[in-house]
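# A closer look at the structure
So the chains spell out like this:
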Amino acid sequence: MADFRKVFAKAKHIAILTGAGVSAESGVPTFRGAGGYWRKWKAQDLATPQAFARDPSRVWEFYHYRREIMHSKDPNPGHLAIAECEARLCEQGRRVVVITQNIDELHRKAGTKNLLEIHGSLFKTQCTACGNVAENYKSPICPALSGKGAAEPGTEDARIPVEKLPRCEEAGCGGLLRPHVVWFGENLDPAVLEEVDRELALCDLCLVVGTSSVVYPAAMFAPQVSARGVPVAEFNMETTPATDRFRFHFQGPCGTTLPEALARHETETVS
């Protein structure tokens, strides 16, 4: 940790890549691994364009469930350490950017300002007709979904008629809305990827937090940073196949390791 702290003290442009691990400590279900089911489906059965075309009601129930859960979840010490570090370093003319694959907005809730949500957000919608993307924090998102979305295996599908599902509010549109998230089989937004590339080309320190570095996108991003000689620090519950390629590895819950790693360094100037 002492070596990492020396590098951290000198870094002017820090890129932090985050994945599901940082949110798991806030009690956010990941729908991965054992028990990762909603009713009898895994996320990859529901988070696809095909599933939405086939049964938009079921897919909206799934996302309604995930949106409602988030109203009761708070950022954990890991999220807060990142946001606090960004605000503090910003005052010193240093930059911190968070590149997350999480869609739960907990970084935003923690106060992170420079945020690239490469997989979209649970709290944005996209119109399937006019393409408009809009923030949406309504609970429930539409009256027909009120009280629906229970995750228990025996739950009957609500079979909400398509005209009662969330609809676009742009003048004269009224098209069916979908969650503004990147589904399995869909490409990331090229404009967002361009921004990510720009940040990674400039960073002089990279943190990979709560995402196994075999899973895209960290698998793509962190090694390219490491390849140009930039120190990469991995924060994870376990080692990953990429651990050996990175200069630092801190094992354990992010909520424990990050606050220590990102705390004010004694050499920091307080303006």
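What follows deals with the nonpolar core. For soluble globular proteins, the rule of thumb is that nonpolar side chains tend to be buried together. Residues Trp38, Trp60, Phe62, Tyr63, Met70 and Trp183 are the most contacted members of the largest nonpolar core, which totals 31 residues. Of all the secondary structure elements, the ones that give two or more residues to this core are α3 (43-46), α4 (49-54), α5 (56-70), β6 (120-127) and β8 (177-181). Sorting elements by how many residues they give to this core places α5 first, with six residues. Leave out the neighbours within four places in its chain, and tryptophan 38 touches Phe31, Leu46, Arg58, Glu61, Phe62, Tyr65, Gly149, Ala150 and Ala151. Core analysis: the second largest hydrophobic core is formed by 25 residues, Phe8, Ala11, Val22 and Phe235 among them.

Here the second largest pocket is characterised by a volume of approximately 330 Å³. Taken together, 20 residues form the lining of the second largest pocket, with Glu117, Gly120, His180, Asp189 and Val192 sitting closest to its centre. Only β5 (115-117), β6, β8 and α8 (190-202) provide two or more residues apiece to the lining of the second largest pocket.

Okay, the environment of glutamate 84 next. Its place among the elements puts glutamate 84 in helix α6 (residues 77-91). A C-alpha to C-alpha distance of 8.0 Å links glutamate 84 and threonine 112, two positions 28 residues apart in sequence. Looking at glutamate 84, its side chain comes within polar contact range of the side chain of arginine 88, at 2.8 Å.

Structurally, phenylalanine 248 is set in strand β11 (residues 248-251). Separated by 17 residues in the primary sequence, phenylalanine 248 and proline 231 have C-alpha atoms spaced 7.7 Å apart. Contact partners of phenylalanine 248, with chain neighbours within four places excluded, come to Asp3, Phe4, Val7, Pro231, Val232, Ala233 and Glu234.

Below, the discussion takes up the pattern of salt bridges. Summed over the entire model, instances satisfying the criterion amount to 14 salt bridges. For arginine 108, the salt bridge goes to glutamate 105, with nearest N and O atoms at 3.8 Å. The salt bridge involving lysine 138 is made with glutamate 169; its shortest N-O contact spans 2.7 Å. In this pair, lysine 138 sits in the loop between β7 (133-135) and β8 while glutamate 169 sits in the loop between β7 and β8, placing the two residues 31 residues apart along the sequence. Looking at lysine 138, the relative accessible area reads 40%, which means it is partly exposed. Judged by relative accessible area, which is 63%, glutamate 169 ranks as exposed. Counted as one network, the salt bridges with shared partners bring together Arg39, Asp55, Arg58, Glu61 and Asp157.

Reading the values: rules and limits
- Residues numbered from 1 in each chain as written.
- Predicted model: local features only at pLDDT ≥ 70, side-chain atom pairs only at ≥ 80, totals over all residues.
- Heavy atoms only, no water.
- Core = buried A, V, L, I, M, F, W, Y, C linked by side-chain atoms within 4.5 Å.
- Buried < 20%, exposed > 50% of the residue type's maximum accessible area, 1.4 Å probe, protein only.
- Helix = DSSP H or I, 4+ residues; strand = E, 2+ residues; numbered from the N terminus.
- Contact = heavy atoms within 4.5 Å.
- 1 Å grid on protein atoms, 1.4 Å probe; cavity = no way out; pocket = protein on both sides within 12 Å on 5 of 7 lines; lining within 4 Å.
- Points joined across faces, edges and corners; volume = space filled by probe spheres on them.
- Polar contact = N/O pair within 3.5 Å; in protein donor to acceptor, adjacent residues only side chain to side chain.
- Salt bridge = Lys/Arg side-chain N within 4 Å of Asp/Glu carboxyl O.

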